[in-house]
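A structural walkthrough
The lines below spell out each chain.
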Protein chains: 2
Amino acid sequence: MVTIKDIAKQAGVTYGTVSRALNGEPGVSEKTRSRIKAIAEQMNYVPNLAAKRMVDRSSNCIGIIWPKIEGLFFYRLSERIQEEASRRGIRIMLSVAEPEDALSSFQEHFIDKVVHWVYSEQTAAFIAAKQSFPGTILEVGSRSAGEGPSLEIDRKGAVFKAVRHLAELGHERIAFVGARTDKWVGYTQGLVDFDREYHPDDIVMTRLSDPDMEAKILGYLSRDRNDRATAVIVDSQGMMFEFARLVHAAKVRIPEQLSLVGYDDVPELHRLLPVSITTVGPDIDTLANRLMDTITRADAAEDSTDRNDRIIEGVLTVRESTQPPFGM
Amino acid sequence: MVTIKDIAKQAGVTYGTVSRALNGEPGVSEKTRSRIKAIAEQMNYVPNLAAKRMVDRSSNCIGIIWPKIEGLFFYRLSERIQEEASRRGIRIMLSVAEPEDALSSFQEHFIDKVVHWVYSEQTAAFIAAKQSFPGTILEVGSRSAGEGPSLEIDRKGAVFKAVRHLAELGHERIAFVGARTDKWVGYTQGLVDFDREYHPDDIVMTRLSDPDMEAKILGYLSRDRNDRATAVIVDSQGMMFEFARLVHAAKVRIPEQLSLVGYDDVPELHRLLPVSITTVGPDIDTLANRLMDTITRADAAEDSTDRNDRIIEGVLTVRESTQPPFGM
DNA sequence: CTGTTAGCGCTTTCAC
DNA sequence: GTGAAAGCGCTAACAG
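First things first, this report covers the structure right here in the doc.

1. With respect to the overall build of chain A
A tally of regular secondary structure across chain A gives 12 helices and 12 strands. When its C-alpha atoms are laid out on the principal axes, chain A stretches across 85 × 40 × 35 Å. Within chain A, the proportion of its 328 residues that are buried is 52%. In chain A, once contacts between residues fewer than 6 apart in sequence are set aside, the share between residues at least 24 apart is 69%. By element, 50% of the accessible surface of chain A is carried by carbon and sulfur atoms, the whole surface being about 15000 Å². Put simply, chain A has 41 plus and 48 minus side-chain charges, and the middle of one group is 6 Å from the middle of the other.

Spelled out as structure tokens, the structure:
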């Protein structure tokens, strides 16, 4: 293993100088600095993080805990986070272990900045592990109850925007497929604000784990066209996979017979139907950016950031799957 | 921060003794050991892992380089690898960075066992990085040219099994959609062995990056039914997403009008069509298991393993999408 | 059984 | 602008 001492020997300087040169510290002439850098490169020098860590407490590596759900969206998001991190010269490590194990794993590797996707109740084991974790944990997703740094995704507002879009197109009856979450609240809010009739039948309350999901959706899609909404909002990307399949099965034509908005914009979505799908949800690039900004500054200005700056708005991307209702 | 020196002072021993006591090393009387342990506990001592790591540079962690392509299959695979690793008390870290960056990242963190998915030409930068990597790299996927440990997936044999299955069902004309890879070789081999007519028209040579992909597939699916095969093999899961969409567009009914076999068994596949899809490809559990076995034993019996033991067979899973041809 | 001490690779202060 | 050296917390080898 090559250390800064080896480089020092090669370069004919002391290893203190090598350290300064490689870390961009002042007090080294540009000439020797570039010479040292070249030698380090050529010798395949890899810094020893354990040693670094013993001296200063910094680590330019961010750990990410992979959420069990969120499938494709998070997959895409982590690609973007990686790009953004590379641009900033920061390393990224992912763990797909149970959250509490992921934390110890990171701790063992001197990673003191961690991103955690919040999507449901946290286990007692994880909450305990968080307490004793020595670094910073950024919670992304739902409104965070905790003290630490967080980034909230305005899911409610996002779905609200979907309703507004459909209302503006002229849809009177708008359906919702999904679970009773923030997204559902945004939906009901939209109905109220845009003065659409609240029709309990137009809400298909279900989730992926629901054994009756298929029957419920199929039941709704098979109704007489006069007896159902002209537009529908599907509350997650996972649900959209199911929904698309059942749309085919029920031979419903999108958007001629039904306008469709999906939550979360992942490329795979647009392979599901002959038409591209209008989506709402956080913009992946924005999210990746804000996420990196927040975590890198987490220690610095702990609570200087306004609570409002911690919210990621949803973005509506209009595509082929939404049209004015038939006959307009 | 409390260190072993603080504990030593409290206990009236030297810190060497504290180290031995806390690490279960022999050479400490049970009496002092328990006393020291009690003091450590009471002082909230947390060992400094960076310092530990500097001395004994081991880590029971395996690094995995996330491939740029292969999408969902690898995603599922890494879940299984994680489960298998947890069972064995081994940590897993994933990197989605460029392979060469992933390697240095692992090296910085003292991760000396790395799994790399081989799927195409490797960049010069990565080959160089591999050379100077101090640990073991397990190459999984294609036949590995290199010396190191490897695990080959028999893609050719897998597709061959698909052809056999279709032949046994009675299909005379079998089509292939995909690229000119091992899988295609398995297809042609199958045609020969099962005495099926080689029909150049039944091969839709394309890949996801091909701008004409859609036109080619749609062209084939739109042909008169007497002028095309009664069964088709699609060579990747990514391609299957496209294929399924075009099947819908061309209003071809699976399996009544066309039997279908896909490569790689990922759950998402079965949401694409009204029927579940027959697949071939490596079994994810087997792969995860063999992978862990191989990498954990990589140092021990380097070349004791027979070349044949390094091959993962493909598995055929028959589902609804394959039936005897219409009229049989 | 316990004390002593040489490093592990690096950053940082203090001299020159 | 560069060298010298202290020390981060710990393990392990050796001495007693």
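2. Examining the protein's contact with DNA strand D
What surrounds DNA strand D is a group of 25 residues, the closest being Thr17 and Gly27 of chain A together with Ile4, Ser19 and Tyr45 of chain B. The sugar-phosphate share of atoms of DNA strand D within 4 Å of the protein amounts to 62%. For DNA strand D, a phosphate oxygen lies 2.9 Å from a polar atom in the side chain of Thr32 of chain A. Contact between DNA strand D and Tyr15 of chain B: a base nitrogen at 3.2 Å from a side-chain N or O atom of the residue. Mapped by element, the contributors of at least two residues to the surface near DNA strand D are helix 2 (15-22) and helix 4 (49-55) of chain A together with helix 2 (15-22) and helix 4 (49-55) of chain B.

3. Examining the relation of the copies chain B and chain A
Superposition of chain B onto chain A requires a rotation of 177 degrees combined with a translation of 1.0 Å along the rotation axis, giving an RMSD of 3.0 Å. The symmetry that links the two subunits is that of a two-fold axis. A share of 95% of interface residues in chain B that are also interface residues in chain A marks the association as one of identical surfaces.

4. Some remarks on the packing of aromatic side chains
Overall, the coordinates contain 15 aromatic pairs over all chains when judged by the stated rule. Note on Trp66 of chain A and Phe74 of chain A: the rings are 5.3 Å apart at their centroids and 70 degrees apart in plane angle, and the pair reads as edge-to-face. For the pair Trp66 of chain A and Phe74 of chain A, one class covers both residues: buried. Relative to Trp117 of chain A, the ring of Phe73 of chain A has its centre 6.1 Å away and its plane inclined at 50 degrees; by these criteria the two rings are tilted. Placement of Phe73 of chain A in helix 5 (residues 71-88) and of Trp117 of chain A in strand 3 (residues 113-118) is noted, with a sequence separation of 44 residues between them. Both residues of the pair, Phe73 of chain A and Trp117 of chain A, count as buried. Every member of this aromatic cluster is reached through a ring pair, and the members are Trp66, Phe73, Phe74, Tyr75 and Trp117 of chain A together with Trp66, Phe73, Phe74, Tyr75 and Trp117 of chain B.

5. So, the packing of helix 8 (residues 155-169) of chain B against helix 9 (residues 182-193) of chain B
Pairs of packed helices are described in terms of their axes, by the angle between the two and the distance that separates them. All names here are of chain B. Interaxial distance between helix 8 and helix 9 falls to 7 Å at its minimum, and their mutual angle equals 40 degrees. When the axes of helix 8 and helix 9 are compared, the pair comes out oblique. Handedness of the crossing formed by helix 8 with helix 9: right-handed. Residue-level inspection shows Arg155, Lys156, Val159, Phe160 and Val163 of helix 8 in contact with helix 9, the latter providing Asp182, Lys183, Val185, Gly186, Tyr187, Gln189, Gly190, Leu191 and Asp193. Grouping the amino acids of the contact of helix 8 with helix 9 by side-chain chemistry returns six nonpolar, three polar and five charged.

6. Observations concerning the side chain of Arg245 of chain B
By the element assignment, Arg245 of chain B lies in helix 11 (residues 237-249). Under the relative-accessibility criterion, Arg245 of chain B is labelled buried at 12%. Here Glu214 of chain B takes part through its side chain, which lies 3.4 Å from a polar atom of the side chain of Arg245 of chain B. What Arg245 of chain B contacts, discounting residues up to four positions off in sequence, is His270, Arg271 and Leu273 of chain A together with Glu214 of chain B.

7. Here's the deal with the sheet that holds strand 6 (residues 174-178) of chain A
Residue and element names in this part refer to chain A. Taken in spatial order, the six strands line up as 7-6-8-9-10-12 in an open sheet, and their pairing is mixed. Of all the strands in the sheet, just strand 7 (203-205) and strand 12 (314-317) have a single pairing partner and so form its edges. On average, adjacent strands in this sheet sit at an angle of 15 degrees to one another, irrespective of strand direction. Pairing of strand 10 (residues 278-282) with strand 12, which is carried by four bridges, proceeds in the antiparallel orientation. Counterpart to Pro282 in the pairing with strand 12 is Gly314. Against the sheet, helix 8 (residues 155-169) makes contact with strand 6, strand 8 (231-234), strand 9 (259-263), strand 10 and strand 12, and its axis sits at roughly 165 degrees relative to strand 9, the strand it touches most.

Rules of the game
- Residues numbered from 1 in each chain as written.
- Chains lettered and ligands numbered in written order.
- Predicted model: local features only at pLDDT ≥ 70, side-chain atom pairs only at ≥ 80, totals over all residues.
- Heavy atoms only, no water.
- Helix = DSSP H or I, 4+ residues; strand = E, 2+ residues; numbered from the N terminus.
- Buried < 20%, exposed > 50% of the residue type's maximum accessible area, 1.4 Å probe, protein only.
- Contact = heavy atoms within 4.5 Å.
- Areas by Shrake-Rupley, 256 points an atom, 1.4 Å probe, with all protein chains shown as cover.
- Lys, Arg positive; Asp, Glu negative; His and termini not counted.
- Charge placed at Lys NZ, Arg CZ, Asp CG, Glu CD.
- Near = heavy atom within 4 Å.
- Polar contact = N/O pair within 3.5 Å; in protein donor to acceptor, adjacent residues only side chain to side chain.
- Least-squares fit on C-alpha atoms with pLDDT ≥ 70 in both.
- Phe/Tyr/Trp six-rings, centres within 6.5 Å; stacked < 30°, edge-to-face > 60°.
- Axes fitted to C-alpha atoms, helices over the stretch in contact; angles between N-to-C directions.
- Parallel < 35°, antiparallel > 145°, perpendicular 65-115°, else oblique.
- Left-handed = near helix turned anticlockwise from the far one by under 90°.
- Nonpolar A, V, L, I, M, F, W, Y, C, P; charged D, E, K, R; others polar.
- Pairing = 2+ DSSP bridges.

Scope: geometric values only; no functional claims are made or implied.
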